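If you want the building blocks of each chain, they are given just below.
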Amino acid sequence: MPKLLFIFTRSKVRASSIVQTLLNDIRNGGKEIGGFSQAMRTFTTSSGHVEEPVSGLGQKQIVDALVFGERSRAVSLLYDFSLGNNKLSASDFASILQTCARLPDPLFVMETWKIMEEKGINISAKCYFLAVRALCKGGYLKEALSLMSIMEENPNSYSMLPVYNNFLVACSETHAVDYANECMGLMEHQMVGKNEITYAQLLKLAVLQQNLSAVHEIWKECSKYYSLSVISLRKFIWSFTELRDLQSAYTTLQHMVSLVVRENSYISRTAEGRFCDLRLDIPAPSTGNLSFIDASLNTEGSTSFDLERQSIGSIEISTVKKPLSASVTKLLRWSFNDVMHACAKVQNCDLAEQLMLQMQTLGLQPSGSTYDGFIRAIVTARGFSDGVEVLKVMQEKNIKPHDSTLAVLAVICSRELQLDRAEAFLDEIAEIRSPRPYNAFLEACDVLDQPERAVQILAKMKKLNLQPNIRTYELLFSLFGNVNAPYEEGNMLSQADVAKRINAIEMDMMKYGLQHSHLSLKNVLKALGTEGMIKELIQYLHAAENRFSRYDTYMITPVYNTVLHSLVEAKESQMATQIFKSMVSSGVPPDAATYNIMIDRCSIIGCFRSALALISMMLRNGFNPQAVTLTGLLKILLRSEDFDGSLKLLKQGISEGIQVDVLLYNTILQVASEKGRIDVIELIVEQMHVHGVLPDPSTCRHVFAAYVDHGFYNTAMEALQVLSVRMIAGCDNIEDDKQTELENLILGEDLEDESQILEPFKDSKEYLTVALLQLRWCAILGYPVSWSPSESQWARRLSNNLASMSGSSL
């Protein structure tokens, strides 16, 4: 059906003739809109003559027909009404237009307006308002704007601002920024001015565009002509919080508090239940500048804020001398809630606490929404335990937490790996609309390697009919893609199981119409590589090439890196080389990780020249070597037991600013231990100490094994003690109180002592647990604990040896 255009114009051609032409076009084309054409042909009565209805009765009949959906009958009655009474006025059509605005029925407005034009009726401001309102509510903004453009020609349309405000309301509701700009230009041309309702709609449009500068400009203009009311201040606070301008929102809130404390505010409600100010709202004059609502403006810009600013964190506590009205109390609480939620967005927990204190001072009882923002603000900065304390306060006040509050607590608990608490919060949520808290739980299960807990939470999602999103499936591939434990090789049975799992997850994705993301594909590739399923690995790589653009490096390069890493781990060096060459030739740019993987491949085949060629390419493409790069090169030299070359390369890397890590040093220690090179081991251990690289359990194992293999048992125990204390204390000395606490654990004879030593392991602090167990073992064998590693004879000897060395010194 062609769109019915209803163009009102100030040209010589009257609006009625344009409408008539358009309606004739529709009739001639055989098109009908709501029975209009049929009604046009049958507007005479069944008796064959036109009756002359009474004006009020005629309006009522037409209105009743419209309300009951009898469109054809309404059109017929409308034409009977117009032909039967030659003394009609604008008021005779008011009820009809009002009904059209309420329904809405923009097409019937067009029919009515055409008749009013034909009858030469002096159209009132009310009729303009109702007609524009009906057109706006029906989505005919272009036609409404055209009608508004001819209002100034009518001497009866003296009060036009409500019409423009109504149009701006429609623009903000439909996100029609372009039409709003045209309306504002028309307002300026006709010198209409603006009132607080106008500014409120302009604020909505500015927020819609995320244009903070426009909000500040509106503030400057509005405050120039008005002593802002509580209602207006509340709308500005909302605007600032929506655009995350916490400073301006906070300052405006304090202005609002001062206003309600200083004077009584007279707030009422309209028939629709909206708040309204009882003060006389005199329109402000036209400013000549209405260009600040512009989609092309930089949304991050900000102009100066004219209120006298208070620094955040220095709230002036005021007490209310007189009780506030229910309406003012509600508006004030809403504004506090808006600022509280803004605190949550920017994680400002200190201001959130002060706002809560100020609410209590003003006698404002926090609502569930207040606590929702408050808990969000504090848990992101301080953890879930503070949020739980607030929940207890809410329970004492019989305030039920919002589902969103429980959801954010569940997410925070999952991030802190508190699965039991997270699951308890998830169970309390009455209605969950987003899989985000469940995804956070699955992510925690992945970190803790607890797929069995993930299965339970998935069952709950299915029971709740909660639709997963792509992040859910990314985590499922990571959780269930692997069958074997880490470092175990795949076999036929495990490979078949992996294929079955991946297929099941993909079938579930298809059910919801979801496609692979780059991360879900990466997780699938990682699972296939771990199981040694090379054929399937290459098939999924080709699928990824078809799925993502080769020039989207964020998507495709990490996918190639995952495949290359899996091939190198599987000792498929030749295939890894082919994939790398294909990647480069097809225009996919390698990144630093790509080069490091291929250098690691060179360490497997022992080709130092190829590794140097890769480093040359790496440097040309703007990637500097890192610790992992240096580790790969060291592996190649250590493969041929070239310890001198390895130490020289290590010295060069450090001199060039490479940040060495414990993995790099352990690479040398492992080979030195296997080959019995205690001199290299002692040099590396001291270098680690000098450069502040803390040992880990692997460091202890390599050093201890080397001494034991040579029969140096006492030295082995002394070295183990020193390294264990360094793992606990780092480069600092342990305080006396802490020493006593640790000694009680290490020397304790109860079984509970070992259980306490194992506690840090549950918090992912396994290094501390290993160090304490090693010291306990030393104590059991009769070696007293020394908390000053620098006093150890072994440590002093290593330090002196390094100081006396020349040439080999790093």
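Residues numbered from 1 in each chain as written. Predicted model: local features only at pLDDT ≥ 70, side-chain atom pairs only at ≥ 80, totals over all residues. Heavy atoms only, no water.

Undergrad: Report on the overall build of the protein chain, specifying residues and quantitative values.
TA: The secondary structure content of the protein chain amounts to 40 helices and 2 strands. With 810 residues in all, the protein chain has 49% of them scored as buried. Pairs at least 24 residues apart make up 70% of the contacts formed inside the protein chain by residues separated by at least 6 positions. As displayed, the protein chain has an accessible area near 39700 Å², and 50% of this comes from carbon and sulfur atoms. (Helix = DSSP H or I, 4+ residues; strand = E, 2+ residues; numbered from the N terminus. Buried < 20%, exposed > 50% of the residue type's maximum accessible area, 1.4 Å probe, protein only. Contact = heavy atoms within 4.5 Å. Areas by Shrake-Rupley, 256 points an atom, 1.4 Å probe, with all protein chains shown as cover.)

Undergrad: Could you give me a rundown of the packing of aromatic side chains, with the residues and numbers involved?
TA: Ring pairs (aromatic) are described by centroid distance and by the angle formed between their planes. Within the structure shown, the criterion is met by 8 aromatic pairs. Within the aromatic cluster, the residues linked to one another by ring pairs are W219, F236 and F240. (Phe/Tyr/Trp six-rings, centres within 6.5 Å; stacked < 30°, edge-to-face > 60°.)

Undergrad: Before we move on, could you go through the side chain of Q721 and cite the residues and values that matter?
TA: Take Q721: it is sitting in helix 36 (residues 713–729). Those residues within four positions of Q721 in sequence are excluded, and the remaining contacts are L775, C778, Y783, P784, V785 and S786.

Undergrad: Go over the packing of helix 8 (residues 141–149) against helix 9 (residues 161–174), please, and point to the residues and values.
TA: Running from N to C, helix 8 and helix 9 point in directions that differ by 160°, and their axes come no closer than 11 Å. What the angle tells us is that helix 8 and helix 9 run roughly antiparallel. Crossing geometry of helix 8 relative to helix 9 is assigned as left-handed. Within the contact between the two elements, helix 8 uses L141, A144, L145 and M148 and helix 9 uses V163, Y164, F167, A170 and T174. (Axes fitted to C-alpha atoms, helices over the stretch in contact; angles between N-to-C directions. Parallel < 35°, antiparallel > 145°, perpendicular 65-115°, else oblique. Left-handed = near helix turned anticlockwise from the far one by under 90°.)

Undergrad: For a positive patch on the surface, give the residues involved together with the corresponding values.
TA: Taken together, R102, R133, K137, K204, K235 and R274 make up a surface patch of like positive charges. By the element assignment, R102 lies in helix 5 (residues 94–102). (Patch = residues over 30% accessible without salt bridge, like charges linked within 9 Å, V, L, I, M, F, W, Y side chains within 5 Å. Salt bridge = Lys/Arg side-chain N within 4 Å of Asp/Glu carboxyl O. Lys, Arg positive; Asp, Glu negative; His and termini not counted. Charge placed at Lys NZ, Arg CZ, Asp CG, Glu CD.)

Undergrad: Give a description of helix 9 that names residues and reports values.
TA: Relative to the 20 Å expected for 14 residues at 1.5 Å per residue, helix 9 spans 20 Å between its end C-alpha atoms, a close match to the ideal helical length. Buried residues dominate helix 9, accounting for 10 of its 14 residues. By the burial criterion, the buried members of helix 9 are L161, V163, Y164, N165, N166, F167, L168, A170, C171 and S172. Contact partners of the buried residues in helix 9: helix 7 (125–137), helix 8, helix 10 (177–189) and helix 11 (196–208). One or two steps after helix 9, the chain reaches H175, where phi turns positive at roughly 60°. (Expected span 1.5 Å × (residues − 1).)

Undergrad: Describe the environment of Q61, listing the residues and the values that go with them.
TA: Mapped onto the secondary structure, Q61 falls in helix 3 (residues 55–67). Residue class for Q61 comes out partly exposed when judged on its relative accessible area of 28%. When the C-alpha positions of Q61 and A74 are compared, they lie 7.8 Å apart, and in sequence the two are 13 residues distant. What Q61 contacts, discounting residues up to four positions off in sequence, is R73 and L77.

Undergrad: Give a description of the side chain of N195 that names residues and reports values.
TA: On the secondary structure map, N195 appears in the loop between helix 10 and helix 11. Residue classification places N195 among the buried residues on the basis of a relative accessible area of 8%. In terms of polar contacts, N195 uses its side chain to reach the side chain of T198, at 2.8 Å. (Polar contact = N/O pair within 3.5 Å; in protein donor to acceptor, adjacent residues only side chain to side chain.)

Undergrad: Give a description of the packing of helix 5 against helix 6 (residues 106–118) that names residues and reports values.
TA: As a packed pair, helix 5 and helix 6 sit with axes 10 Å apart at the nearest point and diverge in direction by 160°. Taken together, helix 5 and helix 6 sit at an angle that is classed as roughly antiparallel. Both helix 5 and helix 6 take part in a crossing whose hand is left-handed. Here I96, L97 and C100 of helix 5 come into contact with helix 6, specifically with F108, V109, T112 and M116. Considering only residue class, the contact of helix 5 with helix 6 consists of 6 nonpolar, 1 polar and no charged. (Nonpolar A, V, L, I, M, F, W, Y, C, P; charged D, E, K, R; others polar.)

Read these as spatial facts, not as claims about activity.
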